[in-house]
Amino acid sequence: MSPLIGTIISGVSRPHFPLIVLESSLVQSSLSVLRAFASDRDAKTHVLLYSLLYPPSTLVENLSREGLSVVDRTAEVPGYSDTCPDLPELILSKARQAPDRPLTAIIDSADILCADLESPSKTYALVASLLSHITARPKPSRLILHFSTPSPLRHLVLTPRFSPTLAHITVHPPALLLHLATAQLTPPPPASTPDRFWRVFAPLAARTWEVERIVLGPGGAGPSDDGEIVLEVLTRAPEGRGRNVERELEGWTPDGPCSLSELDSLRPILEDEGKTRWSEQLTSDVTPDVSFNLSLTPEQRKSRAKVPLPYAHKGMCFDQTNTVTDLVPSR
């Protein structure tokens, strides 16, 4: 597994992240990443899966395995079925009844939960109570929330007040990085500097309508069907533990986490070592490809150095001996 996302999934990351947020979009789903969390086979950790959108069988292969509890609400639609009279109490009671050991609670769609409760504030209060119960359990207990952009809960659950420590995993289509590399000449690090890349990438990724146009619009590559995903992993730790917020890009294939250079869809812009071919072109000498001479002889370089530049000698003049004379008289 990749160092960062692999340790987060396995629960051995330092610091420990009690809240993990998975964010999908119209053009890229994080279902395969969510499946990796639900399929965790750590014998010391109990997995509690709240299925509100996806059938449990799409997230877990063996539903009868030891250490797994499932609350299947996919058939319960408010107004069309006999729903539970007190959904918050059902969710909290299932967490309290879990075995007395580390607990991984997974809500496969916080958006559906918000729609069932018909209130973002009620959903926020419920999730806060659930997180409080989980943090009181032994480590590495954690709550995993999954929602799709745009979501009314996004800004509520990402605030430091809700949880000072979190891991926020946002999935992006590889076509987005291809677009940045070709249209704006900004490939991902280490091919470009991190400061330059994030200044271009972050605002574009936040404009979901533009990302949808790049992927689904005329000339777009369309949704990826090979299972390859770009993961933007943002981690936030309490103050006093080095850098408070860190952000990295990693890859995901049907086999699990990997580096960006291992994604076949990014091979056109990345070498196996993570270096772009464009960076090599920028450092190579292009003069052999032209039909005329662009180089200067040593004598020509010396003559060019003697040419006075107006902007470099503003306020000065040259006499016939090529000496510089100040135009401002001395006092």
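For the structure itself, look to the data block above.
Residues numbered from 1 in each chain as written. Predicted model: local features only at pLDDT ≥ 70, side-chain atom pairs only at ≥ 80, totals over all residues. Heavy atoms only, no water.

Q: Mind showing me how you'd approach the overall build of the chain here?
A: What the chain contains, in helices and strands, is 11 helices and 11 strands. Taking all contacts inside the chain whose residues are at least 6 apart in sequence as the whole, residues at least 24 apart take part in 63%. Just so you have it, the chain exposes about 18600 Å², and 54% of that area is on carbon and sulfur atoms. (Helix = DSSP H or I, 4+ residues; strand = E, 2+ residues; numbered from the N terminus. Contact = heavy atoms within 4.5 Å. Areas by Shrake-Rupley, 256 points an atom, 1.4 Å probe, with all protein chains shown as cover.)

Q: What's the story with the pattern of salt bridges in this structure? I'm lost.
A: Pairs may arise between side chains of opposite charge once their charged atoms sit close together. Scanning the model with the defined rule gives six salt bridges in all. Three or more residues joined by partner-sharing salt bridges are found here, namely R207, E210 and R213. (Salt bridge = Lys/Arg side-chain N within 4 Å of Asp/Glu carboxyl O.)

Q: Teacher, can you tell me more about the packing of helix α7 (residues 174–183) against helix α9 (residues 208–216) here?
A: Between two packed helices, what matters for the description is the angle formed by their axes and the separation of those axes. Taken N-terminus to C-terminus, the directions of α7 and α9 make an angle of 90°; their axes are 10 Å apart at the nearest point. By the angle between their directions, the pair α7 and α9 is classed as roughly perpendicular. Packed against α7, whose contacting residues are A175, L176 and H179, the element α9 presents V211, I214 and V215 at the interface. For the contact of α7 with α9, the per-class residue count stands at five nonpolar, one polar and no charged. (Axes fitted to C-alpha atoms, helices over the stretch in contact; angles between N-to-C directions. Parallel < 35°, antiparallel > 145°, perpendicular 65-115°, else oblique. Nonpolar A, V, L, I, M, F, W, Y, C, P; charged D, E, K, R; others polar.)

Q: Could you clarify how one ought to interpret α7 in this entry?
A: When α7 is considered as a whole, its buried residues turn out to be P174, A175, L176, L177, L180 and A181. Immediately beyond the C-terminal end of α7, within one or two residues, lies L185, with a positive phi of roughly 50°. (Buried < 20%, exposed > 50% of the residue type's maximum accessible area, 1.4 Å probe, protein only.)

Q: Any chance you could explain the sheet that holds strand β6 (residues 166–172) here in plain terms?
A: Hydrogen bonds between backbone groups are what pair the strands of a sheet, and the pairing can be parallel or antiparallel. If you trace the nine strands from one edge of the open sheet to the other, you get β3-β2-β4-β5-β1-β6-β7-β8-β9, paired in mixed fashion. Only two strands of the sheet have a single partner each, and these edge strands are β3 (68–72) and β9 (256–258). Between one strand and the next, the sheet's axes are offset by a mean angle of 20°, whatever the strand orientation. This element, helix α5 (residues 120–135), spans β1 (19–24), β2 (46–51), β4 (103–107) and β5 (142–148) of the sheet and lies at about 150° to β5. Sitting on the sheet, helix α8 (residues 194–206) touches β6, β7 (229–236) and β8 (245–253), and the angle it makes with β8 is about 70°. (Pairing = 2+ DSSP bridges.)

Q: Help me understand the nonpolar core, please; the structure alone is not making it clear to me.
A: As a rule of thumb, nonpolar side chains are buried together in soluble globular proteins. Formed by 31 residues in total, the largest nonpolar core has its most connected members in L19, Y50, I107, L113, L130 and L143. Those elements that provide at least two residues to this core are β1, β2, α3 (87–96), β4, α4 (110–117), α5 and β5. Here this core gets five residues from one element, more than from any other, and that element is α5. In this structure, I20, L34, L59 and V171 belong to the second largest nonpolar core, which totals 27 residues. (Core = buried A, V, L, I, M, F, W, Y, C linked by side-chain atoms within 4.5 Å.)

Q: Can you help me understand the packing of aromatic side chains in this one?
A: In this description, an aromatic ring pair is defined by two values, namely the gap between the centres and the angle between the planes. This structure, assessed with the given rule, holds four aromatic pairs. Measuring from ring centre to ring centre gives 5.3 Å for F197 and W198, while their planes differ by 75°; the resulting arrangement is edge-to-face. Across this residue pair, the class does not change: F197 and W198 are buried. For the pair W198 and F201, a centre-to-centre distance of 5.5 Å together with 80° between the ring planes defines the contact as edge-to-face. Here the residue W198 and the residue F201 both occupy positions in helix α8, the gap between them amounting to three residues, near one helical turn. Given the relative accessible area of 18%, W198 is considered buried. Among the aromatic side chains, those forming a connected cluster through ring pairs are F197, W198 and F201. The ring of W198 carries R247 above its face, with NZ or CZ at 5.3 Å from the centroid. (Phe/Tyr/Trp six-rings, centres within 6.5 Å; stacked < 30°, edge-to-face > 60°. Lys NZ or Arg CZ within 6 Å of the ring centre and 35° of its normal.)

Q: Hey, could you run me through helix α2 (residues 31–38) in this one?
A: Turn by turn, an α-helix covers 3.6 residues, leaving residues three or four places apart pointing in a common direction. Within the span of α2, buried status applies to L31, V33, L34, F37 and A38. Along α2, the residues classed as buried sweep out an arc of 160° about the axis, all on the same side. (Arc of directions from axis to C-beta.)

Q: Hey, could you run me through the layout of surface pockets in this one?
A: Sizing a probe to match a water molecule and rolling it over the atoms shows the empty space that remains. Its boundaries defined by the atoms lining it, the largest pocket holds a volume of some 510 Å³. Around the largest pocket, the lining comprises 26 residues; the ones closest to its centre are E23, R154, T170, A205 and A206. Of all the secondary structure elements, the ones that give two or more residues to the lining of the largest pocket are β1, α6 (154–157), β6, α8, α9 and β7. Counting residues per element, the lining of the largest pocket draws most heavily on β6, at five residues. Of the residues that constitute the lining of the largest pocket, the class distribution is 11 nonpolar, nine polar and six charged. (1 Å grid on protein atoms, 1.4 Å probe; cavity = no way out; pocket = protein on both sides within 12 Å on 5 of 7 lines; lining within 4 Å. Points joined across faces, edges and corners; volume = space filled by probe spheres on them.)

Q: In this structure, what is going on with the side chain of S119? I would like to understand it.
A: Position of S119 among the secondary structure elements: in the loop between α4 and α5. A polar contact of 3.2 Å, which involves the side chain of S119, links it to the backbone nitrogen of K122. (Polar contact = N/O pair within 3.5 Å; in protein donor to acceptor, adjacent residues only side chain to side chain.)

Q: Can you help me understand the packing of α3 against α5 in this one?
A: Axis separation between α3 and α5 bottoms out at 10 Å; the angle between their running directions is 10°. Classified by the angle between their axes, α3 and α5 sit roughly parallel to one another. Together, P88, I91, L92, A95 and R96 of α3 and L126, S129, L130 and H133 of α5 make up the contact between the two elements.

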